[in-house]
Amino acid sequence: MHSLLRNPSAALRRHLATRSRGQSLVEFALILPVFMLFFAAVLDLGRIAAAQIAVSNAAREGVFQAAQTPTDFNPAQPCPADGKTNVIYCRITLESSGGVSIAPTDVSVSCNPIDCSTGIGNTVTVQVTGHFRLFTPLMAVFFGGNQNVTFTGSSTANRETLPVSGVATPAPTATATPTPTPTATPVGPTPTPAPTATPTPTPVTCVLPSAGFTYTTTSNHAGDPTKAPVTLSVTDTSTSVSCGITSWLWTWGDGTTSLGQVPGTHKYVSPNSNGSGYYLVTLKVTNAAGSTTSGGVQIRVT
């Protein structure tokens, strides 16, 4: 009491310093939960992007196998330990990562024509649906309030068609080696050997390109990923042997088209007016030998 009366300013400073420390602790305790929620939301954004890429890669990996063995798929069985059967699903699970789960029933394989026969222009399509759970309910607001989000990826490729050889070449018949006849050595200057002709290289023939692409769709409605508006992203997988592709023509099925290998995203704001609910997307590629159009995929918008 005596020191307070003698030095009141020092006592006031000590009181204010103690009060400031207590106020800072209270403010930190109030801000910490908000900061942690914001950090988790930013982390979820990165996980969402990784999940979309994982589903797209899984569909592309599955169609690579389906182009060779389109019937080696059983939606009622998981991937066996040895990986020798249900190979399409096994390759899909190897590419699924980033917190995405894909069950055998989330995969569908379809062919054009439906018998999955080999042939030039015959295609196979693999569609994959991945399930993903958000960390926080904050990002769930953008997915209809649901923390369980689904992503759909699909990929189309041409059936692997290899040339079939014709009649087997008969084995050569052994021929008796003739006995060499001695030749007299000529007297005089040694003859100059004739120059050896250089073989002309065979020109490489340009063949028609193979059109193909993969795609992913996103929607703001987590409960129904096909509900408009639906945003479509495509990736060109076309190939051309011995000559480059010169043009790409994308047909979106809604009366619009785009040019270029990377056309950007395309948005469907409403269902198809013909009542089917599907938009047929195709890609036409051209090289020096001509043009080829992909079998196309159907994008559902409700």
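Nothing here was measured: the structure is a model prediction, and the numbers come from that model. Within each chain, residues carry numbers counting from 1 in the order of the written sequence. Local features in a predicted model are, by the rule used here, given only for residues with pLDDT of at least 70; side-chain atom pairs are given and counted only at 80 or more, and totals for whole chains, interfaces and linings are based on all residues. Each side-chain value is derived from all of the structure's non-hydrogen atoms; neither hydrogens nor water enter the calculation.

Q: So, the overall build of the chain: which residues are in play, and what are the values?
A: What counts as a helix is a DSSP run of H or I of at least four residues, what counts as a strand is a run of E of at least two, and both are numbered from the N terminus. Helix and strand counts for the chain stand at three helices and 11 strands. Across the chain, helices and strands are ordered from the amino to the carboxyl terminus as α-α-α-β-β-β-β-β-β-β-β-β-β-β. Burial classes follow relative accessibility: with a 1.4 Å probe on protein chains only, a residue under 20% of its type's maximum area counts as buried, one over 50% as exposed, and anything between as partly exposed. Across the 302 residues in the chain, those meeting the buried criterion constitute 32%. Every residue pair with non-hydrogen atoms within 4.5 Å of one another is taken to be in contact. Considering only intrachain contacts with a sequence separation of at least 6, the fraction spanning at least 24 residues in the chain is 62%. Where accessible areas are quoted, they stem from the Shrake-Rupley method and a 1.4 Å probe; at the residue level, only the protein chains shown are allowed to cover. As displayed, the chain offers around 19,100 Å² of accessible surface, 62% of which is attributable to carbon and sulfur atoms.

Q: So what's going on with the pattern of salt bridges? Residues and values would help.
A: Here a salt bridge means any side-chain nitrogen of Lys or Arg lying within 4 Å of a carboxyl oxygen belonging to Asp or Glu. Counting across every chain of the model gives one salt bridge. Linking Glu61 and Arg91 is a salt bridge whose minimum nitrogen-to-oxygen distance equals 2.6 Å. Here Glu61, found in helix H2 (residues 8-66), pairs with Arg91, found in helix H3 (residues 87-95); they are 30 residues apart in sequence, far enough to count as distant.

Q: Break down the packing of aromatic side chains for me, citing the residues and quoting the values.
A: Only Phe, Tyr and Trp rings are paired, with Trp represented by its six-membered ring, and only when their centres lie within 6.5 Å; those with planes under 30 degrees apart are stacked, over 60 edge-to-face, the remainder tilted. Evaluation of the coordinates by the stated rule reveals four aromatic pairs. For the pair Phe132 and Phe151, a centre-to-centre distance of 6.2 Å together with 50° between the ring planes defines the contact as tilted. Placement of Phe132 in strand S2 (residues 123-133) and of Phe151 in strand S3 (residues 148-158) is noted, with a sequence separation of 19 residues between them. The same class applies to Phe132 and to Phe151, which are both buried. Aromatic side chains Tyr268 and Tyr279 sit 4.4 Å apart centroid to centroid with 25° between the ring planes, which places their arrangement in the stacked category. Here Tyr268 is found in strand S8 (residues 266-268), whereas its partner Tyr279 is found in strand S9 (residues 278-287), with 11 residues between them in sequence. Neither residue differs from the other here; Tyr268 and Tyr279 are each classed as buried. Grouped by ring-pair contacts, the aromatic residues Phe213, Trp250 and Trp252 constitute a single cluster.

Q: Mind laying out the state of the cysteines, listing which residues take part and the relevant values?
A: Any two cysteine sulfur atoms lying within 2.5 Å of each other are counted as a disulfide. Scanning all chains against the criterion turns up three disulfides. At a sulfur-sulfur separation of 2.0 Å, the disulfide partner of Cys79 is Cys90. Here Cys79 and Cys90 share a disulfide; its torsion about the S-S bond, 105°, makes the bridge right-handed. Residue Cys79 is located in the loop between H2 and H3, and its partner Cys90 is located in helix H3; the two are separated by 11 residues in the primary sequence. Take Cys90: its relative accessible area is 7%, and that puts it in the buried class. When the bonded cysteines of the chain are numbered from the N-terminus onward, they pair as 1-2, 3-4, 5-6.

Q: Give a detailed account of the sheet that holds strand S1 (residues 107-112), specifying residues and quantitative values.
A: Within a sheet, each strand pairs with its neighbour through backbone hydrogen bonds, oriented either parallel or antiparallel. Pairing between strands is defined by DSSP: at least two bridges between the two strands are required. The six strands are arranged S1-S2-S3-S4-S5-S8 in an open sheet whose pairing can be described as antiparallel. On the outer flanks of this sheet lie S1 and S8, each paired with one strand and no other. The average angle at which neighbouring strand axes cross in this sheet is 20°, direction not considered. As judged from the seven bridges shared by strand S4 (residues 213-219) and strand S5 (residues 230-236), these two strands associate in the antiparallel manner. From the neighbouring strand, Thr216 faces S5, where its bridge partner is Ser233. Interaxial angle, 0 to 180 degrees, is taken between N-to-C directions of lines fitted to C-alpha atoms, where a helix line uses only the stretch in contact.

Worth remembering: the numbers are spatial, not functional.
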